[in-house]
Amino acid sequence: MNYEQLIETMTPEIHRSLKLAVEIGKWPNGERLSAEQRTLCLRAVIAYDQNRLPESERTGFIDRTRPDGAQHGSDPLQPQTIKIIN
């Protein structure tokens, strides 16, 4: 089974378990995650979120909308204009 197949077959229960393990740094049995395990689990959680969840529910989502619907600050993905003054 490759990585993509693993993400496709992941259930919501496994996703929640991996997400909790990353958050607290331990497996459900209390054993600590190694740095490599934590990285792999986080990558799997993000890949699952990307494929199955709406943007507003994904890990790392920052809601930049105000109550009136306007955006807070600028969109970091939009190009910025640079002014050169001589």
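Asks: What exactly am I supposed to notice about the overall build of the protein chain here?
Replies: Across its full length, the protein chain carries three helices and zero strands. For the protein chain, the sequential pattern of α-helices and β-strands runs α-α-α. The principal-axis extents of the C-alpha atoms in the protein chain amount to approximately 60 × 35 × 25 Å. Relative to all contacts within the protein chain whose residues are 6 or more apart in sequence, the contacts with residues 24 or more apart total 41%. Accessible surface for the protein chain amounts to roughly 7200 Å². Of this, 54% is attributable to carbon and sulfur atoms. In the protein chain, 11 side chains carry a positive charge and 12 a negative one; their mean positions are 6 Å apart.

Asks: Sorry if this is basic, but what is going on with the packing of helix α2 (residues 12-24) against helix α3 (residues 35-52) here?
Replies: Between two packed helices, the angle of one axis relative to the other and the distance separating the axes together describe the packing. Axis separation between α2 and α3 bottoms out at 9 Å; the angle between their running directions is 135 degrees. The orientation of α2 relative to α3 falls into the category oblique. Like other packed secondary-structure pairs, α2 and α3 cross with a definite hand, here left-handed. The residues of α3 that touch α2, namely those facing Pro 12, His 15, Leu 18, Lys 19, Val 22, Glu 23 and Ile 24, are Arg 38, Cys 41, Leu 42, Ala 44, Val 45, Tyr 48 and Asp 49. A class-by-class count of the residues in the contact of α2 with α3 yields nine nonpolar, one polar and four charged.

Asks: Is there a simple way to explain the environment of Tyr 48 in this structure?
Replies: Mapped onto the fold, Tyr 48 is located in helix α3. On the basis of relative accessibility, which here comes to 6%, the residue Tyr 48 falls in the buried class. Separated by 42 residues in sequence, Tyr 48 and Leu 6 have C-alpha atoms that sit 9.7 Å apart. For Tyr 48, the contacting residues outside a window of four places in its chain are Ile 7, Met 10, Thr 11, Pro 12, His 15 and Leu 53.

Criteria and cut-off values
Residues numbered from 1 in each chain as written. Predicted model: local features only at pLDDT ≥ 70, side-chain atom pairs only at ≥ 80, totals over all residues. Heavy atoms only, no water. Helix = DSSP H or I, 4+ residues; strand = E, 2+ residues; numbered from the N terminus. Contact = heavy atoms within 4.5 Å. Areas by Shrake-Rupley, 256 points an atom, 1.4 Å probe, with all protein chains shown as cover. Lys, Arg positive; Asp, Glu negative; His and termini not counted. Charge placed at Lys NZ, Arg CZ, Asp CG, Glu CD. Axes fitted to C-alpha atoms, helices over the stretch in contact; angles between N-to-C directions. Parallel < 35°, antiparallel > 145°, perpendicular 65-115°, else oblique. Left-handed = near helix turned anticlockwise from the far one by under 90°. Nonpolar A, V, L, I, M, F, W, Y, C, P; charged D, E, K, R; others polar. Buried < 20%, exposed > 50% of the residue type's maximum accessible area, 1.4 Å probe, protein only.

Remember, this is a structural readout, not a statement about activity or role.
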